[in-house]
Amino acid sequence: DAGITQSPRHKVTETGTPVTLRCHQTENHRYMYWYRQDPGHGLRLIHYSYGVKDTDKGEVSDGYSVSRSKTEDFLLTLESATSSQTSVYFCAISQGGGYQPQHFGDGTRLSIL
Amino acid sequence: SQQGEEDPQALSIQEGENATMNCSYKTSINNLQWYRQNSGRGLVHLILIRSNEREKHSGRLRVTLDTSKKSSSLLITASRAADTASYFCATDDRGSTLGRLYFGRGTQLTVWP
């Protein structure tokens, strides 16, 4: 399995609080992605990174920010969590962007009350 | 939206039978990928098929791609109980190499012993 670790694996927090999810990889892959998975929607891309400090928005980026200060870590931040951001969040990595498969972590289950 | 759509949403078969899942998408692609997700886990890559390929095999998996119809199918032969999972197709953007993927809502496959 690709070396991807997501932390925390589970989190419960309150509306209005900031939340940061971490994705750590040991594969030295250039590309990293954050998705959310909700019933009836499949996976939707939030943000992605194509190199250190190079990031861009995905389909559902409103309310989220990301940072990548080193190759192995990609952070997803909810500045002020809302109940609509309750979801399962997946990080993925890829060696070659669009022409290579993505390898996924096991997800973070986030509940916002 | 480029989002793929899988059909059927759910499929229930006996061990030993073949399972066929279909995917349709809306715009031109570089490649199409199929992923599997076991309950509570991240997605696992199965097959990547490029837009200039028509068929690809991997073990008991056979994927076809018809770019004129913007559709793909995944065939699992001689299904096993361990194949029980959700299966997703994912497409990219024809004009991009950054690996932005658009996932469908998935097909839930149940294989009964």
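Since the model is a prediction, treat every value here as computed from it, not as a measurement. (Residues numbered from 1 in each chain as written. Chains lettered and ligands numbered in written order. Predicted model: local features only at pLDDT ≥ 70, side-chain atom pairs only at ≥ 80, totals over all residues. Heavy atoms only, no water.)

(A) How the structure looks around the pairing of strand E6 (residues 55-58) of chain B. Residues and elements named next belong to chain B. Bridge analysis of E6 against strand E7 (residues 61-66) gives four bridges, and the strand direction is antiparallel. Residue Ser58 lies in a different strand from E7, and its bridge partner there is Leu61. Two successive antiparallel strands, E6 and E7, enclose a turn made up of two residues, where Gly59 displays a positive phi of approximately 60°. (Pairing = 2+ DSSP bridges. Helix = DSSP H or I, 4+ residues; strand = E, 2+ residues; numbered from the N terminus.)

(B) Main features of unusual backbone geometry. Across the junction of Ser7 of chain A and Pro8 of chain A, the peptide omega takes the value -10°, indicating a cis bond. With respect to the helices and strands, Pro8 of chain A occurs in the loop between strand E1 (4-7) and strand E2 (10-13). A cis geometry characterises the amide bond from Asp7 of chain B onward to Pro8 of chain B, with omega recorded as 0°. Examined against the element boundaries, Pro8 of chain B turns out to sit in the loop between strand E1 (5-7) and strand E2 (10-14). Here the phi dihedral of Lys53 of chain A falls at roughly 70°; this positive angle occurs in a residue that is not glycine. By the secondary structure assignment, Lys53 of chain A is in the loop between strand E5 (42-51) and strand E6 (54-57). In the Ramachandran plot, Ala78 of chain B falls in the positive-phi region, its phi being about 45° despite a non-glycine side chain. Turning to its location among the elements, Ala78 of chain B is positioned in the loop between strand E8 (71-76) and strand E9 (85-91).

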